[in-house]
Amino acid sequence: MENLISLVNRLQRACTALGDHGEETALPTLWDALPSIAVVGGQIVVNVEFVAYLTRFLRGSEFGSAYQLFFELNSFISSGKSSVLESVVGKDFLPRGSGIVTRRPLVLQLHRLDEGREYAEFGHLPRRRFTDFAAVRKEIADETDRETGRSKQISTVPIYLSIYSPNVVNLTLIDLPGLTKVAVGEFAIFMFLLSFVIATVSSSLNGQPDSIVMDIENMVRSYIEKPNCIILAISPANQDLATSDAIKISREVDPKGERTFGVLTKIDLMDKGTDAVDILEGKAYRLQFPWIGVVNRSQQDINKNVDMIAARRREREYFAQSPEYKHLAHRMGSEHLGKILSKHLEAVIKSRIPGLQSLINKTVIELESELSRLGKPIATDAGGKLYMIMEICRTFDGIFKEHLDGVRPGGDKIYNVFDNQLPAALKRLQFDKHLAMENVRKLITQADGYQPHLIAPEQGYRRLIETALITIKGPAEAAVDAVHGILKELVHKAINETVELKQYPSLRVEVGNAAIESLDRMKEESRKATLQLVEMENSYLTVDFFRKLPQDVEKGGNPTHSIFDRYNDSYLRRIGTTVLSYVNMVCGSLRNSIPKSIVYCQVREAKRSLLDHFFTDLGKKEGKQLGKLLDEDPAIMQRRLSLAKRLELYRAAQAEIDSVAWSK
């Protein structure tokens, strides 16, 4: 069971080392899932007795100095939270003074030793052992100032202190800054009387922001409102429990008292004729767990350096010998408090382990998934950057090819151009209108010139065919442009689907521009090749077509007719029909060859060499220029670093939990 508390101790240390303090962030937090005990108490509560003490001092009472006064008044202006912690530990190690002394959470991890000399270690000084606890007190104050500065502000970043001793139980407590208030009705008296001692006492509130009271309350709430937090609410017996800050705030976050332990201090300082039996028996204020009373060292004991072992003995004697409390003595005192808290914390941790494992495993998967989506961090050397860019470009190129090959959608649009758009465009050319009677007559006559043809109007045929075929260039160019538009669309899709390119805006732009420039070059090559196909048909007619035409039955000769009826309607109609048949034959041929030319010059080349020019230019760039291409958004870089740290924390937690064997 002791391993369970040690497990949580190690996990809490890992949380702090890797930046998880349980604060509200966009990152998952392990800290909030870990069971803990938060110590809550109040301070600077001004009452009539406080004013009486100040008045006695001003009249020249037994107090020898202003500092002595302030430490003596600690009996009235605080709940005794620090004294309770020191009693549980058995050492005088916490900073003392007036005002707000605790300004950072102190995670106090107690480790029981079977034998040996007791010592302390700080999380921020892992290789240094402190055997002098006065030095521990000073280091707590110094480390607080390192984080908060000397402005006396507060910080949520905890200090980790481990104490190893034969006189402690295995336990972890989080000491929080004391809840602070000044009673309104006595504020004027307090300030008036305090002015007399301010010349000798340097108030610890100097330099603290006006919002510090609310800041402390918010910090305390951020700990105790978590369902995994056990609340140790410390209240002084010489103060009305209804005004206890610790009880008040505990009731707000834990109204049923299911995770609150009540500790009553300063029982020995109550007025004569009064006692705290009703509170300790749970009659005045009921909690699920019994109230525990403690008797701390007095200021006189502290001044005389009365050790904690003797103080514990006195505490046991006080409860055992007091007629009011001896029936409760078996569950009173700081030793009992430590044992009961240790036992309860172990039970809570054990019950939370399965849920904690499930949370950790789930979060590891989520963190790994997001890190994968964010991509790898940028390489530092030029070679690494070049390789990284090349890999990203290859990924993009692979996605682009998948679109063309049908693995991803989009490539089918190219086939649609060949199967629907091009044939429809060829049909819309309306060759029959071009070969109408009047146009045929006009072109045949013009082709004859001043000397009419003798047998067949060959020049007229050629001119009719050429003027018809030249119109095919329009649909051919339109097909080239349509495929070019589809390829550009697929480039943009591939860029958007290449996750790595989202990290680097400059590289994304450069790759996109390089791909489009390549497509533009391929389009021009394709345009030339496709138009050449049309021009080839123009430059050389298929002679076999005309040789295979049926002979004129009436004339018994060539269907071109004789010179005597060459310009009549029947003759011209036959020429138009012949030319139309030839043009349709050529269209059928081009309908098949134009897609081949486009695929060869555009689609095939895009698959083979879309980024070849970009790669050539890339090889000439220096490290600084390559770095400009990898200009990742700083927010993404920070997010990746944060996720990597948090993933390291959760993996460490996985390993820690797996290494701990606990009984069923």
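Residues numbered from 1 in each chain as written. Predicted model: local features only at pLDDT ≥ 70, side-chain atom pairs only at ≥ 80, totals over all residues. Heavy atoms only, no water.

S.K.: When you look at the overall build of the protein in this model, what are you seeing that I'm missing?
M.R.: Along its length, the protein carries 26 helices and eleven strands. For the protein, the proportion of its 664 residues judged to be buried stands at 50%. Sequence-distant contacts, at least 24 apart, represent 82% of the contacts inside the protein between residues at least 6 apart. Of the roughly 32,700 Å² of accessible surface on the protein, 52% is carried by carbon and sulfur atoms. (Helix = DSSP H or I, 4+ residues; strand = E, 2+ residues; numbered from the N terminus. Buried < 20%, exposed > 50% of the residue type's maximum accessible area, 1.4 Å probe, protein only. Contact = heavy atoms within 4.5 Å. Areas by Shrake-Rupley, 256 points an atom, 1.4 Å probe, with all protein chains shown as cover.)

S.K.: I keep staring at unusual backbone geometry and nothing clicks. Help me out?
M.R.: Most of the time, phi is negative for any residue but glycine, and the peptide bond is trans. In this structure, lysine 266 is a non-glycine residue whose phi angle is positive, near 55°. Its place among the elements puts lysine 266 in the loop between β10 (260–265) and α10 (277–280).

S.K.: Just to check I follow, could you spell out helix α18 (residues 458–469) for this structure?
M.R.: It helps to recall that an α-helix has 3.6 residues per turn; residues three or four apart then point in one direction. With twelve residues, α18 ought to run about 16 Å at 1.5 Å a step, and its terminal C-alpha atoms sit 16 Å apart, in line with that. Of all the residues in α18, the buried ones are Gly460, Tyr461, Leu464, Ile465, Ala468 and Leu469. Angular distribution of buried residues about the axis of α18 spans 155°; they occupy a single face of the element. (Expected span 1.5 Å × (residues − 1). Arc of directions from axis to C-beta.)

S.K.: Can you walk me through the pattern of salt bridges in this structure?
M.R.: Two side chains carrying opposite charge are able to pair once their charged atoms lie near each other. Across all of its chains, the model carries 32 salt bridges by this definition. A salt bridge links arginine 408 to glutamate 402, with the shortest nitrogen-to-oxygen separation between them at 2.5 Å. For arginine 408, a relative accessible area of 26% gives the class partly exposed. A network of salt bridges, in which partner residues are shared, links Glu86, Asp92, Arg137 and Arg297. (Salt bridge = Lys/Arg side-chain N within 4 Å of Asp/Glu carboxyl O.)

S.K.: I tried to follow the packing of aromatic side chains on my own but got confused; where do I start?
M.R.: Both the distance between ring centres and the angle between the ring planes are used here to describe each pair of aromatic rings. Tallying each qualifying case throughout the model produces nine aromatic pairs. On the basis of an interplanar angle of 80° and a centroid distance of 5.5 Å, the ring pair of tyrosine 318 and phenylalanine 319 is categorised as edge-to-face. A relative accessible area of 26% means that tyrosine 318 is categorised as partly exposed. Aromatic rings pair up to connect Tyr318, Phe319 and Tyr325 into one cluster. Between arginine 129 and the ring centre of tyrosine 119, over which it is positioned, the NZ or CZ distance is 4.0 Å. (Phe/Tyr/Trp six-rings, centres within 6.5 Å; stacked < 30°, edge-to-face > 60°. Lys NZ or Arg CZ within 6 Å of the ring centre and 35° of its normal.)

S.K.: Explanation requested: the nonpolar core in the structure shown.
M.R.: Side chains of nonpolar character tend, in soluble globular proteins, to be buried together. With 100 residues, the main nonpolar core has Phe93, Leu161 and Ile224 as its most contacted residues. Counting residues per element, this core draws most heavily on helix α13 (residues 334–374), which supplies twelve residues. Other than its neighbours up to four places away in sequence, phenylalanine 93 contacts Leu85, Glu86, Leu106, Leu108, Phe133, Val136, Arg137, Ile140, Leu161 and Ile163. The next biggest cluster of nonpolar side chains, apart from the first, holds 66 residues, and it includes Ile392, Ala468, Ile486 and Ile516. (Core = buried A, V, L, I, M, F, W, Y, C linked by side-chain atoms within 4.5 Å.)

S.K.: Please clarify how the packing of helix α19 (residues 473–497) against helix α23 (residues 569–609) should be interpreted in this entry.
M.R.: For any two helices packed against each other, the geometry is given by the interaxial angle and the distance between the axes. It is the contact of α19 with α23, at a shortest axis distance of 10 Å, that shows an interaxial angle of 35°. Crossing of α19 over α23 shows right-handed handedness. Side by side, α19 and α23 meet where Ala476, Ala479, Val480, Val483, His484 and Leu487 of the first sit next to Ile594, Ile598, Gln602 and Val603 of the second. Grouping the constituent residues of the contact of α19 with α23 by class yields eight nonpolar, two polar and no charged. (Axes fitted to C-alpha atoms, helices over the stretch in contact; angles between N-to-C directions. Left-handed = near helix turned anticlockwise from the far one by under 90°. Nonpolar A, V, L, I, M, F, W, Y, C, P; charged D, E, K, R; others polar.)

S.K.: When you look at a negative patch on the surface in this model, what are you seeing that I'm missing?
M.R.: On the surface, a cluster of negative charge is made up of Glu510, Glu517, Asp520 and Asp617. Counting through the fold element by element, glutamate 510 comes out in helix α21 (residues 505–539). (Patch = residues over 30% accessible without salt bridge, like charges linked within 9 Å, V, L, I, M, F, W, Y side chains within 5 Å. Lys, Arg positive; Asp, Glu negative; His and termini not counted. Charge placed at Lys NZ, Arg CZ, Asp CG, Glu CD.)

S.K.: So what exactly am I meant to see when it comes to the sheet that holds strand β9 (residues 229–236) here?
M.R.: Backbone-to-backbone hydrogen bonds pair the strands of a sheet. The strands run either parallel or antiparallel. Reading across the sheet, the nine strands line up as β5-β4-β6-β3-β7-β1-β9-β10-β11 and stay open at both edges, with mixed pairing between neighbours. Across the chains shown, the open sheet's two edge strands, defined by having one partner strand only, are β5 (125–130) and β11 (292–293). Judged from the two bridges that link them, β10 and β11 form a sheet pairing that is parallel. From the neighbouring strand, valine 263 faces β11, where its bridge partner is isoleucine 292. Here helix α9 (residues 245–253) sits on the sheet and contacts β1 (36–40), β9 and β10; the angle it forms with β9, its principal contact strand, is near 150°. (Pairing = 2+ DSSP bridges.)

S.K.: Before we go on, may I ask you to explain the packing of α18 against α21 in this structure?
M.R.: Relative orientation of the contacting elements α18 and α21 amounts to 170°, with a least axis distance of 9 Å. Classed by the angle they form, the pair α18 and α21 counts as roughly antiparallel. In this structure, α18 contributes Ile465, Glu466 and Leu469 to the contact, and α21 contributes Val534, Glu537 and Asn538. The class makeup of the residues in the contact of α18 with α21 is three nonpolar, one polar and two charged. (Parallel < 35°, antiparallel > 145°, perpendicular 65-115°, else oblique.)

S.K.: Looking at this structure, how should I read the pairing of strand β7 (residues 171–175)?
M.R.: Working note: regular strand, side chains alternate between the two faces of the sheet. By the criterion of burial, β7 is predominantly enclosed, with five of the five residues buried. With two bridges joining them, β1 and β7 adopt parallel strand pairing. Paired with valine 39 across the two strands is aspartate 175, which belongs to β7. Of the strand pairs in this sheet, strand β3 (residues 106–112) and β7 are connected by five bridges, and their pairing is antiparallel.

S.K.: Is there a simple way to think about the pairing of β9 in this case?
M.R.: The buried fraction of β9 amounts to eight of the eight residues, a majority that puts the element mostly inside the structure. Here β9 shows two buried faces, one formed by Cys229, Ile231, Ala233 and Ser235 and the other by Ile230, Leu232, Ile234 and Pro236. Pairing between β1 and β9: five bridges, direction parallel. Across the sheet, valine 40 pairs through a bridge with alanine 233, a residue of β9. The pairing of β9 with β10 spans six bridges and is parallel. The partner of leucine 232 across the bridge, within β10, is phenylalanine 261. This β-α-β element, β9 to α9 to β10, shows right-handed connectivity. (Right-handed = clockwise from strand over helix to strand, strands pointing away.)

S.K.: Sorry, what's going on with the side chain of threonine 260 here?
M.R.: As for its placement among the helices and strands, threonine 260 is situated in strand β10. When sequence neighbours within four positions are dropped, the list of residues in contact with threonine 260 reads Ile231, Ala233, Ser250, Asp254, Leu287 and Phe289.

S.K.: Even after reading the chapter, I still don't get the environment of isoleucine 414, so can you show me in this structure?
M.R.: Tracing the sequence through the fold places isoleucine 414 in helix α15 (residues 412–427). When its relative accessible area of 6% is taken as the criterion, isoleucine 414 is described as buried. For the pair isoleucine 414 and glycine 485, spaced 71 residues apart in sequence, the C-alpha separation works out to 9.7 Å. Beyond its immediate sequence surroundings of up to four residues, isoleucine 414 is in contact with Leu404, Val483, Ile486, Leu487 and Val603.

Note that every value here comes from positions in space, so none of it alone points to a role or purpose.
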